[in-house]
Amino acid sequence: MKILQYIIYIFFFGIIVSGCHTSSEEKNIDPLQTSWETIVQEAKGHTVNLMMWQGDPQINKYIADYAAPALKEKYGITLHALAGQGNQIVSILMNEKEAGKKYGDLDMCWINGETFYQLRQLDALYGPFTDKLPNAQYIDFSNKFINTDFQEPVNGMECPWGNVQLCLIYNKDKVNSPPKNRAALAAFVQANPGRFTFGADFTGLTFLKSLLIDIAGGNQTLKGKFDEVLYKKYSAELWDYINGIKKYFWKEGKTFPASVASIHQMFASGELYFTMSNNDGEVDNKVAIGTFPSFARSYVMDGGSIQNSHYLGIVKTGKNKAAAMVVANFLISPIAQLQKNKPAVWGDGTVLQYNKLPDSIKKQFDTLSQRKYGPDRAVIQPKALEELAPEYMIRLNDDFRKYVIEQ
Amino acid sequence: MILENMLLSNKFFNRTGITLLVMLVILPFAAGLIYALFYSIGFAGAFAKGFTLQHIKAVLYSNDLLSSFLYSLYIALSVIVYSLLLVIPAVAGFHRKINDGKKSFLVYLPLAVPAIVASFISFQVMGKTGVLSSVFFKLGIIKDLQQFPDVVNDVFATSIIATHILMAVPFFLIYFSNLFLTERLQDMSAIAASLGAGKRQILQKLVFPVLLKRGLAAILLYFIFVFGSYEIPLLLGRQQPQMISVLIVRKLQRFNLADVPQGYFLSLLYSLLMLVLLSVFLKLKNKELA
């Protein structure tokens, strides 16, 4: 009988030991040290696990129905999208690092700003790799909204994928003249109690950051590294402003929606007159697919709004780095960016520089239908604000709870 | 023959069972708790810098801890009390129908609905522009959709409690109707009635006490389940206070990586509390068996 007990112990010990042993499937080729042709050859037949936010069916469709089949056909790569965003990606990679895993399950991730900052802290990103991508020649690396992520130069450690700007979306049937500045917004909120709120999430924090920059007098004041003194000075004004009008917010400002998705839903049903989006093209996309009624319109207040880019990162512990590089190269190709830019597909802003594009692609970008419900990029570009250093977002997130939600 | 004797031996099954329990349940769980403790005091984690009590102090001195535990306690107790008040009289009156094959399907149906789906349905039904609000508006009970009472994301956690009750009632109905039969409460009720007891007296003096006593262990387990629920309060709850699981995930997965050790310490506290409740459950179970 005791023998059986020992067998069980040995069995589980074996499982633990085998769990500690890393896979030997990986190849020794480092894609950064080899030619693009070899990378493409090496990528063939591999599966790339891309962790991405899957909260929008249109975005999921773009990946599943457009990108994945094209990658399979052109390069023999299977693109497998996994649901997960910023904090979950960081959590997974942090756990892998803490467990001492040499190779994990993720190959790529869709990231920006604070996730880039956190993954750099963890040393979880592979690169610099963008120089290796042939299609990187089209990227507008001279654009500060693309070459810098939350005040940190990307330096090839993440590949620009899309560029967007925060917009307020309003119900034109209920809001005749959308408020253009903070004072007008406060007046509107007071006159229309229960019709405005923002989320305690990434989009809500981007809105707060835009207000903070406006209060500080523009981008130049808070540019660069995190400044405690300046933060305290201007954030105090920000909390005074929010607390001054929050009793007129949805639910009298006693709580805030956990995500922008539920704000969108309440906006579409008429409960709220305002929602917001980090993507200036989203309103056209959402009306086109019927998520928003045609009363939806978007704009940017005079104080400006944050413009930022989102990126593709390759995970250091990924098993298929060569295939991940081929995927990234395809996703920044002019044709894939054009498809993504279409309002009915995704409506995501391109990171490519128009002048660098082949003429045939330029024409196709030109013939894309004009925005009907949101402002053209050229109109809001002068109001674009740069992202602040990541510490501002971390502090705003904590202090928003402390000085607004918990008050 | 040897194998036959071995397999038939209770001792064999006891030892193997205990060994498997230790290897599969107790060791990983204990390892998890130790890891959480090490993480909380700076001995583990990607950014660990050695022993520190700052994360523990941050949790203990914050408003989050107490408000979150009290809020979870309030919701779990409310769900249990309201569910039992609904279920026990229903069992006393309709236990036969509940166990009837075809009709019992209706009782089993809500058990198949995942918590996240249930919370989404509640959001759609109970919101200010939801189904109920629209019905009230059409009936002329309210003049504007905004007049519908605030029951989603509200201070009293109305929609969280209601959604949990919807999920708890079928479970308790099935459990207590079986208990009603095995405890022969129908016969005892008939005897009580023949001795002159009224329906209310039977319910108060016989059905409630017997079912509550015999079902206490299951009630406690369900209390633990509600106390630690995540999906329902995530969608239907407020930003402050948050139920304990929502708070832990917020600490573990938000923007500030420095908050992660606080999340581990909260998980540790929560696990210890659940262990205390489970030990109470075991004592009750043993009493029940005795």
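Remember, it's a predicted structure, so these values are computed and weren't measured experimentally.

Bringing the overall build of chain A into the picture now. Along chain A, the regular secondary structure elements total 17 helices and 11 strands. Computed over the C-alpha atoms, the radius of gyration of chain A is 23 Å, within 12% of the 22 Å expected from 2.2 N^0.38 for a compact globule of 407 residues. Summarising its shape, the C-alpha atoms of chain A cover approximately 75 × 65 × 40 Å along the three principal directions. Burial statistics for chain A: of 407 residues in total, 57% are counted as buried. Considering only residue pairs separated by 6 or more positions, chain A has 81% of its internal contacts joining residues 24 or more positions apart.

This part takes up the domain arrangement of chain A. By a frequent convention, interface size equals the accessible area lost on bringing the separate parts together. Residues and elements named next belong to chain A. What the domain assignment reports for chain A is domain 1 (34-162 + 308-375) and domain 2 (165-307 + 380-405). With centres defined by C-alpha atoms, the gap from domain 1 to domain 2 works out at 27 Å. Residue-level contacts link 21 residues of domain 1 with 33 residues of domain 2. Regarding the contact of domain 1 and domain 2, the summed buried area is about 2400 Å², with carbon and sulfur atoms giving 55% of it. The largest contributions to the domain 1 side of the interface with domain 2 come from Phe150, Gln151 and Tyr373, which together make up 32% of the buried area.

Now for the pattern of salt bridges. One pass over the structure, following the stated rule, counts 22 salt bridges over all chains. Lysine 251 of chain B is the partner of aspartate 64 of chain B in a salt bridge, and the nearest nitrogen-oxygen pair spans 3.9 Å. A residue pair is termed long-range when its members are at least 10 positions apart, and aspartate 64 of chain B in helix H4 (residues 63-99) and lysine 251 of chain B in helix H13 (residues 244-253) qualify at 187 residues. Using a relative accessible area of 10% as the deciding quantity, one classes aspartate 64 of chain B as buried. Overlapping salt bridges bring together Asp56, Glu282 and Lys286 of chain A as one network.

For the coordinates displayed, the defined rule picks out 40 aromatic pairs over all chains. Arranged with centres 5.2 Å apart and planes meeting at 45°, the rings of phenylalanine 198 of chain A and phenylalanine 256 of chain A form a pair that is tilted. Residue phenylalanine 198 of chain A is located in the loop between helix H7 (182-191) and helix H8 (202-215), and its partner phenylalanine 256 of chain A is located in the loop between helix H10 (228-245) and helix H11 (260-268); the two are separated by 58 residues in the primary sequence. Side by side, phenylalanine 198 of chain A and phenylalanine 256 of chain A carry an identical accessibility label, which is buried. Between phenylalanine 136 of chain B and phenylalanine 148 of chain B, the aromatic rings sit 5.5 Å apart at their centres with planes inclined by 85°, giving edge-to-face as the arrangement.

Further remarks concern the confidence of the model for chain B. In the predicted model, chain B carries a mean pLDDT of 87, and the fraction of residues at 70 or more is 93%. We note a pTM of 0.80 for the whole complex and an ipTM of 0.70 for its interfaces.

All names here are of chain B. In terms of domain boundaries, chain B breaks down into domain 1 (1-52) and domain 2 (53-289). Centre-to-centre, using C-alpha coordinates, domain 1 lies 31 Å away from domain 2. Counting residues at the interface gives 11 residues for domain 1 and 12 residues for domain 2. Both sides together, the interface formed by domain 1 and domain 2 hides about 1000 Å², and carbon and sulfur atoms give 78% of it. Among the residues domain 1 hides against domain 2, the three largest losses belong to Tyr39, Ser40 and Thr52. Together they make up 48% of the total. Joining domain 1 to domain 2, the criterion identifies zero salt bridges.

Residue and element names in this part refer to chain A. In space, the three strands of this open sheet follow the order S8-S7-S9, with antiparallel pairing throughout. Lying at the two open borders of the sheet, with one neighbouring strand each, are strand S8 (274-277) and strand S9 (296-299). Each adjacent strand pair in this sheet contributes to an overall mean axis angle of 30°, direction not counted. Sheet topology places strand S7 (residues 167-171) next to S9; four bridges connect them, and they run antiparallel. Bridge pairing in S9 links asparagine 171 to alanine 296. The strands that H11 touches are S7, S8 and S9; relative to S8, the one it contacts most, it runs at about 140°.

Moving on, we come to the side chain of serine 177 of chain B. Note on placement: serine 177 of chain B falls in helix H8 (residues 158-182). Polar side-chain contacts of serine 177 of chain B include one of 2.8 Å to the backbone oxygen of leucine 173 of chain B.

We now examine the environment of tyrosine 74 of chain B. Residue and element names in this part refer to chain B. The residue tyrosine 74 is located in helix H4 in this model. You can call tyrosine 74 partly exposed: its relative accessible area is 34%. Sequence-wise, tyrosine 74 and valine 276 are 202 residues apart; in three dimensions their C-alpha atoms are separated by 18 Å. Aside from chain neighbours lying at most four places away, what touches tyrosine 74 is Phe156, Ala157 and Ile161.

Each value, and the rule that gives it
- Residues numbered from 1 in each chain as written.
- Chains lettered and ligands numbered in written order.
- Predicted model: local features only at pLDDT ≥ 70, side-chain atom pairs only at ≥ 80, totals over all residues.
- Heavy atoms only, no water.
- Helix = DSSP H or I, 4+ residues; strand = E, 2+ residues; numbered from the N terminus.
- Rg over C-alpha atoms; globule rule 2.2 N^0.38 Å.
- Buried < 20%, exposed > 50% of the residue type's maximum accessible area, 1.4 Å probe, protein only.
- Contact = heavy atoms within 4.5 Å.
- Domains from an automatic or database assignment.
- Buried area = accessible area lost by both parts, 1.4 Å probe.
- Salt bridge = Lys/Arg side-chain N within 4 Å of Asp/Glu carboxyl O.
- Phe/Tyr/Trp six-rings, centres within 6.5 Å; stacked < 30°, edge-to-face > 60°.
- pLDDT = per-residue confidence, 0-100.
- Pairing = 2+ DSSP bridges.
- Axes fitted to C-alpha atoms, helices over the stretch in contact; angles between N-to-C directions.
- Polar contact = N/O pair within 3.5 Å; in protein donor to acceptor, adjacent residues only side chain to side chain.

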